[in-house]
Amino acid sequence: MSSSVHISLSALQSFIEAVFISQGIPNQDASLIAQLMAEADLQGSDGHGVIRLPQYIKRIRAGGINKNPTIRVVQERAAMAVLDGDNGMGHLVVSQAVDLAIQKARETGVAWVSTRFSNHAGPASIYSRRPLQHNMLGLYFAVGNANHLPPWGGTDMLLSTNPISAGIPASEEPPVVLDMATTVAAYGKVKAKAKRGEMMPPGWMIDRQGQPLLDPSKAGDGFLLPIGEHKGYGLALVVGLLAGTLGGAAMGKDVVDFNADHVSVTNTGQAILVIDLSAFGDPEHFKLQVDALVRDLRNSEKLPGVERIWVPGEQSHDKRGRYQRDGIPLAPALVADLHALAVELGVAPLNHDELA
């Protein structure tokens, strides 16, 4: 396996922004998308960051994504709304949904906003974390952009990874941030393994004969496994109903595989639930209780050979600090793909020399 190339956050963000602007995405939108994509890589969510850029550009150039969407509210009550994304970039649609949910939660204590006609939006935790800045917590649900999961015991892929994420603020400790697919591994992790030339561990995927599938380049020959067997299948179904069906977005056989189809409208659905801590009492008291629980977990008795007990979100928090300082590691094969994309589009290539 080749060693990684380290790129600064600012260089990565500037490159992504320039690529989108070159394709006619308005400057302000390109800046926001680039910020969110680079943040994905910054926190180690490398299956949902710049690795997705070539695929996004293919869809934009093929007409599969609306470059100038009119994102609008189509259903609304005091504590809920449904946003129609007009087939725009998912990062733009979900960002607006989260901001609207935060605004509503200030008035109502809790708010749910669904999206329809959105697109792939990157890692779930990018959005569940945003309410933390407002003494709120966030729960995020999404329908994945391709079906890689059959119903338990079946072979027809009718469900996706359907991620769920929770962002819960603490006081002095890092926030508790859960970001998980309902499958053992998100499909973005399979893509990242393939790009790095690595094999998958047993338990991620099986082939259609039920045998372990370890080569990520042959992922199309099999399907992902749900977490907890039949329980993960049930969770994938429920998340899809909440994030997709409830808001009028695609689910089941209606999900478009955006890995293979660059033209069709995906009608991707996401949902964000925001809870204002002040509606339940003193936010600082809650956050101090989170601190205490986190420390109890971390300092609890360990099994032999275990060096540290991690709380969800701590490892990505640690990566944010290290990558900000030392640069974001990218696989050489990915860097080569991005260089080829830059040449094709006539934009300046990634700056390898600028480190944080």
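Higher on the page you've got the structure.
Residues numbered from 1 in each chain as written. Predicted model: local features only at pLDDT ≥ 70, side-chain atom pairs only at ≥ 80, totals over all residues. Heavy atoms only, no water.

Draft legend 1. Molecular detail of the environment of leucine 213. For leucine 213, the position within the fold is in strand β9 (residues 212-213). Owing to a relative accessible area of 9%, leucine 213 belongs among the buried residues under this scheme. A sequence separation of 12 residues divides leucine 213 from proline 201, and the C-alpha atoms of the two residues are 8.7 Å apart. The residues contacting leucine 213, other than those within four sequence positions of it, are Met200, Met205, Ile206, Asp207, Lys218, Ala219, Asp221 and Gly222. (Helix = DSSP H or I, 4+ residues; strand = E, 2+ residues; numbered from the N terminus. Buried < 20%, exposed > 50% of the residue type's maximum accessible area, 1.4 Å probe, protein only. Contact = heavy atoms within 4.5 Å.)

Draft legend 2. How the structure looks around the pattern of salt bridges. Evaluated as defined, the whole model comprises 17 salt bridges. Measuring nitrogen to oxygen at the nearest pair gives 2.7 Å for the salt bridge that ties arginine 61 to glutamate 344. Linking arginine 61 in helix α3 (residues 53-62) with glutamate 344 in helix α10 (residues 332-345), this pair joins segments that are 283 residues apart in sequence. The exposed category is assigned to glutamate 344, whose relative accessible area is 53%. Where lysine 104 meets glutamate 76, a salt bridge forms, and the shortest distance between an N and an O atom there is 3.0 Å. With a gap of 28 residues between them, lysine 104 in helix α4 (residues 90-108) and glutamate 76 in strand β2 (residues 72-77) connect regions that are remote in the sequence. (Salt bridge = Lys/Arg side-chain N within 4 Å of Asp/Glu carboxyl O.)

Draft legend 3. The arrangement of the sheet that holds strand β6 (residues 164-168) in detail. Pairing is mixed across the open sheet formed by 7 strands, whose spatial order is β2-β3-β4-β11-β5-β6-β7. Strands at the two margins of the open sheet, each flanked by one partner only, are β2 and β7 (176-180). Taken pair by pair, the neighbouring strands of this sheet meet at an average axis angle of 10°, ignoring direction. Direction of pairing for strand β5 (residues 136-142) relative to strand β11 (residues 270-276): antiparallel, over a ladder of 7 bridges. Among the inter-strand pairings, alanine 142 is bridged to a residue of β11, identified as glutamine 270. Where α4 meets the sheet, it contacts β2, β3 (80-84), β4 (110-116), β5 and β11, and its direction lies at approximately 160° from that of β4. (Pairing = 2+ DSSP bridges. Axes fitted to C-alpha atoms, helices over the stretch in contact; angles between N-to-C directions.)

Draft legend 4. Quick peek at the sheet that holds strand β10 (residues 222-224). Within the open sheet, the 3 strands sit side by side as β9-β8-β10. Their pairing is antiparallel. Unpaired on one side and paired on the other, β9 and β10 mark the two borders of the sheet. Inspection of the sheet shows strand β8 (residues 205-207) paired to β9 by 2 bridges, in the antiparallel sense. Of the residues in β9, the one forming a bridge with isoleucine 206 is proline 212.

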